[in-house]
Structures are given as structure tokens and as C-alpha cells.
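Fold and contact review
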Amino acid sequence: MRVNVTLPITLENLKRSLTRLLRQTSSVCEKIMELLGQNKIDHHQRQVAILSQDSFYKVLTPEQKAKALKGQFNFDHPDAFDSELIMQTLRQILQGKAVQIPVYDFVTHSRKDEFVMVYPADVVLFEGILMFYSQEIRDLFQMKLFVDTDPDTRLSRRVLRDISERGRDLEQVLSQYITFVKPAFEEFCLPTKKYADVIIPRGADNLVAINLIVQHIQDILNGGPSKRHNGCTNGHSTPRQRRTSESSSRPH
């Protein structure tokens, strides 16, 4: 998508220009939850749950945090994530257990002293830029989706998010993007595209692809042919052990 900006390029004008673009898109997982009607259901009763890799950033050392506050730490490198905790969490999910998910503060670059509970669900959507990088983690997923978004859109989303939600200035955001984000995407994220079962071009704008995924999940929830292979995306799905009278199956 090409965006023509005729106003002077000030921070305020840039934010206004990007907001119009960003409102046309939303995360694929959130769109799936919306179409399934799961976002209006109490967390205890949801049949579909969402986890994000961003919740599993490692606890930084004082030296690393000092770099992070200056925009000089690479959060897009595989080593930035707590893979051990991710595996532990996924194993608990596979056992049908409720799990505690860390809450990460992107302003201070640290974990908060609180957790979010995710309860057993029939389908779990686990999204993140490097979810397919580790084979050990990748092999736990039965359905893998790669959301393919235009580079300009990815950059514009990051600029607006980091400025409006994380209190960073434009120069720092662009410097971090050029130094860390773009190279890490090309080296670590993009090559994992080959592991995807389904590639979704144009992200959340691709309603045809998203509706197909939604239909697949609905088949699982309704006990259709895929029920014995619970589903998940970018993700994946996992079995829910809600009652001893219910049978469980291997997740996606």
C-alpha cells in the first residue's frame, strides 16, 4: 500500500497519517476471536484462548536493561525469549492445566509482579514472530500459520505503537528498526515461513483466509472431523480437560 503524505512531516502529522492506515487492520488472532464470538465470553468459559510470545521475554540484567532503555537491545533475537518457560507453559497446556502467563512491561522492559491466568480451552492460538524458530517448540503445533504482511505496514504499525503506547521517540524507533528489527526479521523470522502449513497474505485484511481458519476451528469446537486433532495457529491448539467425562485429544 502506498501512502501519500502532503502535510509537513512532524511527529503529530505522522501519527495522524498512520492511525488511518492502522485502523484498517487488526491482529489475525483478535479477528479470529471476534468472528468466533469468543472475545465476549468470560475467560473461564472460553473454548478458544490466546497466548503471545511477547509475554515470555527474559528478565534482563541491569546492563541489558540500560541498553534497552536506549533502544540498543535486540528484542527480536531468539535469545531474547525465555524458551524454557514457553516449553513449560505449553506442556502444562497440553496436560489441560490452567497456566500463569507473565505480564511484561514494555515501557520499563521488565516483568511485572503479576500474572494472567489462561484456563483450559479446546483451541489455543499462540502468536509470535519467532514461534517456529525452535524445532522443539514448533513440533508441538499441529497447525502453523504464517501471517505475511507488507514491510511498510509492519514498520508503520511499530512506529505508531511504540510512540503512542510505549513512550518512545520517532528517532529511537526508526534506529532500532534499522539496527535490530529488520535484520532479525530477515535472519530469524522470514526463514521460518517454510514451516507454515498456511500462509496468510495481507494479514487481517485477508478475510477469505481468516474465515477458512475460523470455519476449521468451529468444526473442532462442534466436534466435527477435526475434533480428534484439536487446532491452533501461528499458532496452534490444545486439548481441554474440563471434566473427567470428556475425552481429550492431541493439540495442534
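Treat the numbers as computed from the prediction; the structure is a model and nothing was measured.

Criteria and thresholds
Residues numbered from 1 in each chain as written. Predicted model: local features only at pLDDT ≥ 70, side-chain atom pairs only at ≥ 80, totals over all residues. Heavy atoms only, no water. Axes fitted to C-alpha atoms, helices over the stretch in contact; angles between N-to-C directions. Helix = DSSP H or I, 4+ residues; strand = E, 2+ residues; numbered from the N terminus. Parallel < 35°, antiparallel > 145°, perpendicular 65-115°, else oblique. Left-handed = near helix turned anticlockwise from the far one by under 90°. Contact = heavy atoms within 4.5 Å. Nonpolar A, V, L, I, M, F, W, Y, C, P; charged D, E, K, R; others polar. pLDDT = per-residue confidence, 0-100. Buried < 20%, exposed > 50% of the residue type's maximum accessible area, 1.4 Å probe, protein only. Pairing = 2+ DSSP bridges. Expected span 1.5 Å × (residues − 1). Polar contact = N/O pair within 3.5 Å; in protein donor to acceptor, adjacent residues only side chain to side chain. Phe/Tyr/Trp six-rings, centres within 6.5 Å; stacked < 30°, edge-to-face > 60°. Lys NZ or Arg CZ within 6 Å of the ring centre and 35° of its normal.

**Looking at the packing of helix H6 (residues 151–166) against helix H7 (residues 170–189)**
Packed helices, taken two at a time, are described by the angle their axes make and the gap between the axes. At a closest axis distance of 10 Å, the pairing of H6 and H7 adopts a crossing angle of 135°. The angle between H6 and H7 falls in the class oblique. Once H6 is placed against H7, the crossing between them reads as right-handed. In contact with Pro151, Arg154, Leu155, Arg158, Val159, Asp162 and Ile163 of H6, H7 contributes Leu170, Val173, Leu174, Tyr177, Val181 and Phe185. Looking at the contact of H6 with H7, its residues break down into 10 nonpolar, no polar and three charged.

**Side note on the confidence of the model for the protein**
Mean pLDDT for the protein: 80, with 78% of residues reaching 70 or above. Segment residues 225–252: pLDDT under 50, and 113 contacts once partners within four positions in sequence are set aside and those in other chains are kept.

**Observations regarding the pairing of strand S1 (residues 48–52)**
Within S1, four of the five residues are buried, leaving the element largely enclosed by the surrounding structure. Two strands pair when backbone bridges link them, and S1 and strand S4 (residues 123–127) are joined in this way by five bridges, in the parallel orientation. When the bridges of S4 are listed, Ile50 appears paired with Leu125.

**Here's the deal with H7**
An α-helix turns once per 3.6 residues; consequently, residues spaced three or four apart project the same way. Taking 1.5 Å per residue as the helical rise, H7 with its 20 residues ought to reach 28 Å, whereas the 24 Å between its terminal C-alpha atoms falls clearly short. Where H7 is concerned, the buried positions are Gln172, Val173, Gln176, Tyr177, Phe180, Val181, Ala184, Phe188 and Cys189. Among the structural elements, helix H3 (62–69), strand S5 (145–148) and H6 are those in contact with the buried residues of H7. By the N-cap criterion, in which a side-chain oxygen at the helix start approaches the backbone nitrogen of a residue two or three places on, H7 is capped by Asp169, the distance to Glu171 being 3.2 Å.

**Here we look at the packing of aromatic side chains**
Under the counting rule described, the total for this entry stands at nine aromatic pairs. Seen in terms of ring centroids, Tyr133 and Phe188 are 5.7 Å apart; in terms of plane orientation they differ by 85°. Their pairing is edge-to-face. Of the two residues, Tyr133 sits in the loop between S4 and helix H5 (135–138) while Phe188 sits in helix H7, which places them 55 residues apart along the sequence. Members of the aromatic cluster, connected to one another through ring pairs, are Tyr57, Phe73, Phe75, Phe81, Tyr104 and Phe106. Across from the ring centre of Tyr195, 3.6 Å away, lies the NZ or CZ of Arg138, which sits over that ring.

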